[in-house]
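Examining the three-dimensional arrangement
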Amino acid sequence: MSVTLAELDRFEACRPRLAAIAYRLLGSASEAEDAVQDAFLRWQSADRDRIEVPEAWLTKVLTNLCLNQLTSARARRETYVGEWLPEPVLAGDPMLGPADTVEQRESVSFAVLTLMERLTPVERGVYVLREAFGYPHREIAEILELTEASSQQIFHRAKKHLADGKARKQIDETEARKIVEEFLAAATGGSVAPLVELLTEHAVAVGDGGGKIPARTRPFEGATAVAKFLWGLFRPAESKRKLLGGSPEVYAWTANGGPAAVAVLDGRVVGIMCLEVGEDGIAAFRNQVNPDKLERATAVWATIDHGEPLMRAAF
């Protein structure tokens, strides 16, 4: 069934919100785009005269497409090479969605997206719809075919699972970039001591290379171990330059609402290191270097005014 121009416009008006929902559900911008396109195909083939509220219908279709995809994604991730991390989304990308409240910002933080892997698909769906988009439990129950009481119980259970991932310190964009600048200065200094001072006692560092870029299969844990790893990461090495085809420029930026160091080589984003900051210092470094998960970031990077790099790295 062909779509009229008015119907197409109505779908396009929903697209940004649908994409933001799908990204939070899937932790992948590329998979989120595919899910939105699948929702459009369902919209195109549906009897639209019988759809009273298109926005609600599309949300239900998209959410259930994503939950079905999450079920199969769990099986794929069991054979994933190394650590699996979400696909980071840079500041300036509309896929980040609403960020008016603390809850909305936290729902798309890299820490929470990583922890959401612990949730069942239904828990993830309830949490995202309620916390990030403010859907009442009555509507969530209808979307996911639950009772309203079940939706409320699932939401409280999901929040409990994610409590450790909630931001302990709210950081604005200016402060985030200062944190990245301070971190890079310490990481490229003459010793690991200044870097240790920036970290919390139980800091962790993890990388996702997807089997395409070398990355440690298990996280580094503890301030000293993490500091030594990061200090070594920024040491000059010909092997690193050969691997990437040159020395990338490193920028201070924000990704998923938090501080991030973005490595760019010839206009291509080759790494995004997301920093999780607590009251006592930097608590985690999550470094995404899988090229498949950096394609959207590269496209967005080309459209924004990112200023001058802080340094040229050897990694």
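See the structure above.
A few points on the structure. In this text, all values refer to a predicted model and were calculated from it rather than measured experimentally.

Along the chain, the position of glutamate 276 falls in strand β5 (residues 268-278). Classification of glutamate 276 as buried rests on a relative accessible area of 16%.

A word on empty space enclosed by the protein. One way to see where empty space is left: roll a probe the size of a water molecule over the atoms. Tallying each qualifying case throughout the model produces 1 cavity of 30 Å³ or more. If you go around the largest cavity, the residues you meet are Leu70, Ala73, Arg74, Arg77, Met116, Glu117, Leu119 and Arg124. A per-element tally of the lining of the largest cavity places helix α3 (residues 54-77) first, with 4 residues. For the lining of the largest cavity, the residue count by class is 4 nonpolar, no polar and 4 charged.

Moving on to the packing of helix α1 (residues 5-26) against helix α6 (residues 121-132). Remark: α1 packs on α6, axes separated minimally by 9 Å, with the N-to-C direction vectors making an angle of 135°. Comparing their axes, α6 and α1 come out oblique. Considering the relative orientation of α1 and α6, their crossing is right-handed. Contacts between α1 and α6 involve Ile21, Arg24, Leu25 and Leu26 from the first element and Arg124, Gly125, Val128, Leu129 and Ala132 from the second. When grouped by side-chain class, the residues that make up the contact of α1 with α6 number 6 nonpolar, 1 polar and 2 charged.

Cut-offs used in this document
- Residues numbered from 1 in each chain as written.
- Predicted model: local features only at pLDDT ≥ 70, side-chain atom pairs only at ≥ 80, totals over all residues.
- Heavy atoms only, no water.
- Helix = DSSP H or I, 4+ residues; strand = E, 2+ residues; numbered from the N terminus.
- Buried < 20%, exposed > 50% of the residue type's maximum accessible area, 1.4 Å probe, protein only.
- 1 Å grid on protein atoms, 1.4 Å probe; cavity = no way out; pocket = protein on both sides within 12 Å on 5 of 7 lines; lining within 4 Å.
- Points joined across faces, edges and corners; volume = space filled by probe spheres on them.
- Nonpolar A, V, L, I, M, F, W, Y, C, P; charged D, E, K, R; others polar.
- Axes fitted to C-alpha atoms, helices over the stretch in contact; angles between N-to-C directions.
- Parallel < 35°, antiparallel > 145°, perpendicular 65-115°, else oblique.
- Left-handed = near helix turned anticlockwise from the far one by under 90°.
- Contact = heavy atoms within 4.5 Å.

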